[in-house]
Amino acid sequence: MTRITRAVIPAAGLGTRFLPMTRSMPKEMLPVGRKPVIQYVIEEAVEAGITECLIITGRGKRALEDYFDRSDIGDNDENARLDKLIDRLDIYFVRQKAPRGLGDALRYAEPFASGEPFVVLLGDTFTRPSCLPTLISAHARHRVSTIAVQPVPEVLLSRYGVVAGAPCGPDELRVSDLVEKPGPGEAPSNLAVLGAYVLTPAIFTALARARPGRNGEIQLTDALRVAAKEGRLVACISAGRRYDIGDPVSWLLANIELGLADSETGGAVRELLEELRTERSRDGSLPVQ
Ligand code: G1P
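Calculation notes
- Along every chain, residues carry numbers that run from 1 in the direction the sequence is written.
- Residues qualify for local features only when their pLDDT is at least 70, as the model is predicted, and side-chain atom pairs are given and counted only at 80 or more; totals for whole chains, interfaces and linings, by contrast, use all residues.
- As a rule here, side-chain values come from all non-hydrogen atoms in the structure, and water together with hydrogens is ignored.
- Strands here are runs of E lasting at least two residues and helices are runs of H or I lasting at least four, both read from the DSSP assignment and numbered beginning at the N terminus.
- Atoms considered for the radius of gyration are the C-alpha atoms alone. The globule rule reads 2.2 Å times the number of residues to the power 0.38.
- A 1.4 Å probe rolled over the protein chains alone gives each residue an accessible area, and that area as a share of the maximum for its type sets the label: buried under 20%, exposed over 50%, partly exposed in between.
- Any pair of residues with heavy atoms lying within 4.5 Å of one another is described as a contacting pair.
- Reported accessibility uses the Shrake-Rupley method at a 1.4 Å probe radius. Residues are deemed covered only where the shown protein chains occlude them.
- In this tally, Lys and Arg are treated as positive and Asp and Glu as negative; His is ignored, and so are the chain termini.
- A charged residue contributes its charge at one atom only: NZ of Lys, CZ of Arg, CG of Asp or CD of Glu.
- The near set for a molecule or strand comprises every residue that places at least one heavy atom within 4 Å of it.
- N or O atoms within 3.5 Å of each other form a polar contact, as long as, within protein, one can give a hydrogen and the other can take it, and as long as residues adjacent in sequence are counted only when both atoms are side-chain atoms.
- When residues are sorted by character, Ala, Val, Leu, Ile, Met, Phe, Trp, Tyr, Cys and Pro go into the nonpolar class, Asp, Glu, Lys and Arg into the charged class, and all the rest, Gly among them, into the polar class.
- Lines are fitted to the C-alpha atoms to define the axes, a helix being fitted only along its stretch in contact, and any angle between axes, read from their N-to-C directions, falls within 0 to 180 degrees.
- Small angles under 35 degrees read as roughly parallel and large ones over 145 as roughly antiparallel, with 65 to 115 read as roughly perpendicular and the rest as oblique.
- Should the near helix be turned counterclockwise from the far one by less than a right angle, the crossing is left-handed, whereas a clockwise turn marks it as right-handed.
- The term salt bridge refers to a pairing of a side-chain nitrogen on Lys or Arg with a carboxyl oxygen on Asp or Glu at a separation within 4 Å.
- Working note: the arc is built from the helix axis to C-beta atom directions.
- For patch detection, residues must exceed 30% relative accessible area and be free of salt bridges, and they are connected within 9 Å for like charges or within 5 Å for nonpolar side chains (Val, Leu, Ile, Met, Phe, Trp, Tyr).
- The set of buried Ala, Val, Leu, Ile, Met, Phe, Trp, Tyr and Cys residues whose side-chain atoms join them within 4.5 Å is what this entry labels a nonpolar core.

Caption draft 1: Representation of the overall build of the protein chain. For the protein chain, the count of helices and strands is 10 helices and 13 strands. Compactness check: the protein chain gives a C-alpha radius of gyration of 20 Å against a globular reference of 19 Å for 289 residues, within 12% of the reference. On the principal axes, the C-alpha backbone points of the protein chain span a range of 60 × 50 × 35 Å. Taken over 289 residues, the protein chain has a buried fraction of 47%. Excluding contacts between residues fewer than 6 apart, the proportion of contacts in the protein chain whose partners are at least 24 apart in sequence is 73%. Just so you have it, the protein chain exposes about 14,600 Å², and 52% of that area is on carbon and sulfur atoms. Each charge sign in the protein chain was given a centre, from 36 positive and 38 negative side chains, and these centres are 6 Å apart.

See below:
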């Protein structure tokens, strides 16, 4: 089986949850620790063996292209690390003509995929640890499209695609149906689609046939349902912490985890957290342990 070397990164979403920040910057450029979120996504792809990325952009996203030029200024470690990352892959860009949904954006990736299976990672979302190695190995075993899912509380299911299916391996389901952003009582399970996928090129045929779905957009979920009905879709249950940086709460929490993990900033973040904890224990808002 050929190795998967191409990743498609949809980054055309409008970022309305992060207004006013996203009036003049792409949400994918929001910093998490010392790097923009798109860099975590590309690093995750490269770690999994990806050597070519196609970033799907749209209006207001030009900063993404500039970011991935080599800078060679090299005046700090992080900047030099980005130049090294850029050397490890080729990055292509295509503009979605209008914001017509994730499924519509992915249609632009057909020539890039060249008839081979490919990875899709959302440009504003990453999981720690990455769910990509699991998705790629499940794809190699089952030879079908694979998607990452995770249990989420019932009240949050309406934000996601939600799957139904039967176990077909440890932490794996053969998907029989998917519902995009289910209303009350419509969710077929509590397993939400996280936004990481390995797709076979058959997805493009389904996307070409897809009609506007939820919110009047072309939904990837509707195209995936075609694969599910043929028994050709496997969901891998991920235990990683997922950060959707377009969401302000998730962005803050990601900054804490990544700020702690960074050798340059970790000490200061830890100190502040300990100080706040002691203060809150003292004023009674936290129980003393
Ligand atoms: C998209 C997908 C949805 C998935 C979600 C993960 O929705 O359509 O199935 O659960 O990403 O973030 P969006 O977040 O673009 O509304």
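That was the structure; now back to the text.
Caption draft 2: Representation of the site of the ligand within the structure. The environment of the ligand is formed by Leu102, Leu122, Tyr160, Gly161, Glu180, Lys181, Val193, Leu194, Gln219, Thr221 and Arg242. The separation between an oxygen atom of the ligand and a polar side-chain atom of glutamate 180 is 2.8 Å. Here valine 193 contributes a backbone N or O atom positioned 2.6 Å from an oxygen atom of the ligand. For the ligand, whose accessible area on its own is 380 Å², the fraction buried by protein is 77%. In terms of residue class, the shell around the ligand is built from five nonpolar, three polar and three charged.

Caption draft 3: Local environment of the packing of helix α7 (residues 202-209) against helix α8 (residues 220-229). Relative orientation of the contacting elements α7 and α8 amounts to 120°, with a least axis distance of 9 Å. What the angle tells us is that α7 and α8 run oblique. The element α7 and its partner α8 pack so that their crossing is right-handed. Contact residues: α7 offers Ile203, Ala206 and Leu207, while α8 offers Leu220, Ala223, Leu224 and Val226. Here the contact of α7 with α8 is built from residues that sort into seven nonpolar, no polar and no charged.

Caption draft 4: Spatial organisation of the pattern of salt bridges. For the structure shown, the criterion picks out 19 salt bridges. Among the salt bridges present, the one from arginine 34 reaches aspartate 262, with a minimum N-O distance of 2.9 Å. One end of the pair, arginine 34, is in the loop between β2 (31-32) and β3 (35-36); the other, aspartate 262, is in the loop between α9 (248-261) and α10 (266-282), with 228 residues separating them in the sequence. Salt bridges linked by common partners bring Arg34, Glu78, Arg81, Asp262 and Glu264 together as one network.

Caption draft 5: Seen up close, α7. The set of residues buried in α7 consists of Ile203, Phe204, Ala206 and Leu207. Taken end-on, α7 shows its buried residues confined to a sector of 160°, consistent with a single buried face. Across α7 from its buried face, at more than 90 degrees, point the exposed residues Ala208 and Arg209. Next to the buried residues of α7 lie α4 (102-107), α5 (110-113), β6 (118-121), β11 (191-199) and α8.

Caption draft 6: Spatial organisation of a nonpolar patch on the surface. Judged by side-chain polarity, Val249, Leu253, Ile256, Leu272, Leu273 and Leu276 come together as a nonpolar surface patch covering roughly 500 Å² of accessible area. Along the chain, leucine 253 falls in helix α9. The exposure class of leucine 253 is partly exposed, given its relative accessible area of 49%.

Caption draft 7: Region of the structure containing the nonpolar core. Judged by nonpolar contacts, the single largest core of 41 residues is most densely connected at Val32, Ile38, Ile42, Ile55, Val119, Phe126 and Ile245. Counting residues per element, this core draws most heavily on helix α1 (residues 37-47), which supplies seven residues. If near-sequence neighbours (up to four positions away) are discounted, isoleucine 38 is found in contact with Ile9, Glu28, Met29, Ile55, Leu64, Phe68 and Gly123. Ranked by size, the runner-up nonpolar core spans 31 residues in total, among them Ile56, Ala109, Leu191 and Phe204.

Caption draft 8: Inspection of the environment of aspartate 66 at higher detail. Along the chain, aspartate 66 turns up in helix α2 (residues 62-67). Considered as a pair, aspartate 66 and alanine 138 are 72 residues apart in the sequence and their alpha carbons are 35 Å apart.

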